[in-house]
Amino acid sequence: MAISTKPPSGMRDFLPAELARRRYVIETIQQTYEKYGFVPVETPSIENLSTLLGKYGDEGDQLLFRILHRRDKLARALETPEVGEKDLADLGLRYDLTVPLARLIANNPELPKFFKRYQIQPVWRADRPGRGRFREFWQCDVDITGSKSLIAEAEVCSAVSEVLLNLGFSNFEIHLNHRQLLKCLIKAAGIALENEALTLVAVDKLDKIGIEGVEKELEQRGISAAQSRALLELIQRPCGLDEAGELQRLKQALSDNSEAITAIAQLETLTSLLDSSKAAGHYCIDASLARGLGYYTGPIFEIRSSDFSGSLGGGGRYDGLIGMFKGSEIPAVGFSIGFERLLLVLEEKGLFGQISCGPDIVICHFDDVADSAVIEAANSLRQHGVKVEIYPETPKLGKQIAYAESIGATWVAIMGASEAAEKVLSLKHLVSGEQHKLNYTDTAARILNN
RNA sequence: GACGAAGUAGCACAAUGGUAGUGCACAAGAUUGUGGAUCUUGUGGUUGCGGGUUCGAGCCCCGUCUUCGUCCCCA
């Protein structure tokens, strides 16, 4: 049997044309984030398992790619009686960029009090691949540590909104909710706090499976019909209610709960800040938004679009996470763009213009020219900033030109003994067919002005 | 992890249980310093893998692997 030439399931090779698009999007993201004062960091692909475990909830722990002990340690581990999963691995591939950031913050106390970092790197999850879903995929995170101000929330929401708008994509809404508010809603419905996690999972599907679907799922998980109905009553937004009205409604429903009132007041402040930001007109209050990750403590966000079923990104406040790595707590808030899904949507909506990759020009030549002269000509063009490929052999000219066209070059230079003697190139435009003899400098100028 | 569909040439797809084809792509050629169009010719497949039924299997049956959907969950 031949060895499979496919990358592992859920992982991909990127060919030049696709990579050019990916880089274009990444560049836009970087430029936008930097306008907000975010600075880049990178962290290792691999983290200690102890860093990763217990931060994402049970589901997250299941999806961690673990790395086996090496050499003798593995052999020893395998010999221990009743060896379990935990004994075999000590490292894992990072699951997101937030937990590594928390570790990095705890490990570098000299960083600025308000550290605004962005990070664009791959993460790994041992998930089953599907549409817009991979085992290796990139995330583009912005986070602000050190501040409890809602300006931090507003800034990250504004930054990701601006990224999407700069890429020409405006069909999105940032759904907003608050972890404390959710907790209070569940309590108000009479559901035990120990059932919070499973309740949230069911509630989060409201817009997907509908009211009956959620009721059914809650019932299956042992929540009484009266409780689930009470919860849905609270969470469901009446038709025609605007953002302020929805917040007002929640405030009235939970008026006896000071914790809930505080959370709602934060959302009120946040929405007013967002109205002055790039996220204006691109957010909504969604009391059913839950988000799976365990570490969120305050406002939570998620990017939704009718162009993609699922989330295009998400984030929130996590004031306790850094404290898990450090004695003292440091508040933080972040937002992550799901790069692969964004790319998918941009592609489907035709929002990529012409993104070129490959050389501007291929130098075709004959065997009556010294190879060294060809290299000299190529380097002369390159010095002017032209992307040049030399056809490495000397078959008949037609083949050389056909090749240049096949790789997407718009120009060819033809170089024979006569051109070499005059130090010129016969520059041919492959679309118009026009051809002129020009010296190297004029050739470069002509290509770059095109 | 659950369910469904599909695996045939590099790619896209055909083939009432009876000799595996078509298009695109690729290669060569139509007076050797000019590509795209047309034409001619040609290369290319143990039909995903392993069993079974049959005189005979790409087709039917079982298993297996892979891929793609939907669910679950997520970015």
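Keep in mind that this is a model prediction, so the values were computed, not measured.

## Quick look at the packing of helix α10 (residues 206-220) against helix α11 (residues 225-235)
Two numbers describe how α10 lies on α11: the axes approach to 9 Å, and their chain directions differ by 155 degrees. Taken together, the axis directions place α10 and α11 in an arrangement best described as roughly antiparallel. The handedness of the crossing between α10 and α11 comes out as right-handed. Contacts between α10 and α11 involve L206, I211, V214, E215 and L218 on the former and, on the latter, S228, R229, L232 and I235. The residue makeup of the contact of α10 with α11, split by class, is six nonpolar, one polar and two charged.

## Notes on the domain arrangement of chain A
In terms of domains, chain A is made up of domain 1 (13-45 + 94-170 + 306-357), domain 2 (172-288) and domain 3 (361-449). With centres defined by C-alpha atoms, the gap from domain 1 to domain 3 works out at 43 Å.

## Examining the state of the cysteines
Overall, the coordinates contain zero disulfides when judged by the stated rule. This cysteine, C239, is not joined by any disulfide, and C284 carries the nearest cysteine sulfur, 14 Å off. On the basis of relative accessibility, which here comes to 82%, the residue C239 falls in the exposed class. Unpaired in terms of disulfides, C357 finds its nearest cysteine sulfur in C364, a separation of 19 Å.

## A word on the sheet that holds strand β4 (residues 89-93)
Strand order across the open sheet formed by three strands is β2-β4-β3, with antiparallel pairing between neighbours. Only two strands of the sheet have a single neighbouring strand rather than two, namely β2 (46-48) and β3 (66-68). Sheet twist, expressed as the mean angle between neighbouring strand axes with direction ignored, is 40 degrees.

## Digging into the layout of surface pockets
As a volume, the second largest pocket reaches approximately 300 Å³. Lining the second largest pocket we find 15 residues, and of these Q354, S356, C357, G408 and T410 sit closest to its centre. Across the lining of the second largest pocket, the residue classes break down as eight nonpolar, six polar and one charged.

## Notes on the packing of aromatic side chains
Summed over all chains, the structure comprises ten aromatic pairs. Between F301 and F335, the ring centres sit 5.1 Å apart and the planes meet at 20 degrees, which makes this aromatic pair stacked. Here the residue F301 occupies a position in strand β9 (residues 299-305), and F335 occupies one in strand β11 (residues 332-338), the gap between them amounting to 34 residues. With relative accessibility at 0%, the residue F301 sits in the buried group. One aromatic cluster is present, formed by Y56, Y95, Y295, Y296 and Y318 through successive ring pairs.

## Comments concerning the environment of S336
Relative to the helices and strands, S336 resides in strand β11. Through-space distance from the C-alpha of S336 to that of G314 is 5.4 Å; in sequence the pair is 22 residues apart. Excluding residues that lie within four positions of it along the chain, S336 makes contacts with Q139, C140, D141, G313 and G314. A distance of 2.7 Å separates the side chain of S336 from the side chain of D141, its partner in a polar contact.

## So, the protein's contact with RNA strand B
Looking at RNA strand B, there are 43 residues lining it, with R133, K205, R341, E405 and L430 nearest. A share of 40% is what sugar and phosphate atoms reach among the atoms of RNA strand B within 4 Å of the protein. The separation between a phosphate oxygen of RNA strand B and a polar side-chain atom of R291 is 3.2 Å. Interatomic distance of 2.5 Å between a backbone N/O atom of L430 and a base nitrogen of RNA strand B. Broken down by secondary-structure element, the contributors of at least two residues to the surface near RNA strand B are β6 (136-145), α10, β10 (308-317), α16 (397-406), α17 (417-422) and β15 (424-429). Sort the elements by how many residues they give to the surface near RNA strand B and α16 lands first, with six residues. Grouping the constituent residues of the surface near RNA strand B by class yields 13 nonpolar, 14 polar and 16 charged.

Rules used throughout
- Residues numbered from 1 in each chain as written.
- Chains lettered and ligands numbered in written order.
- Predicted model: local features only at pLDDT ≥ 70, side-chain atom pairs only at ≥ 80, totals over all residues.
- Heavy atoms only, no water.
- Axes fitted to C-alpha atoms, helices over the stretch in contact; angles between N-to-C directions.
- Helix = DSSP H or I, 4+ residues; strand = E, 2+ residues; numbered from the N terminus.
- Parallel < 35°, antiparallel > 145°, perpendicular 65-115°, else oblique.
- Left-handed = near helix turned anticlockwise from the far one by under 90°.
- Contact = heavy atoms within 4.5 Å.
- Nonpolar A, V, L, I, M, F, W, Y, C, P; charged D, E, K, R; others polar.
- Domains from an automatic or database assignment.
- Disulfide = S-S within 2.5 Å.
- Buried < 20%, exposed > 50% of the residue type's maximum accessible area, 1.4 Å probe, protein only.
- Pairing = 2+ DSSP bridges.
- 1 Å grid on protein atoms, 1.4 Å probe; cavity = no way out; pocket = protein on both sides within 12 Å on 5 of 7 lines; lining within 4 Å.
- Points joined across faces, edges and corners; volume = space filled by probe spheres on them.
- Phe/Tyr/Trp six-rings, centres within 6.5 Å; stacked < 30°, edge-to-face > 60°.
- Polar contact = N/O pair within 3.5 Å; in protein donor to acceptor, adjacent residues only side chain to side chain.
- Near = heavy atom within 4 Å.

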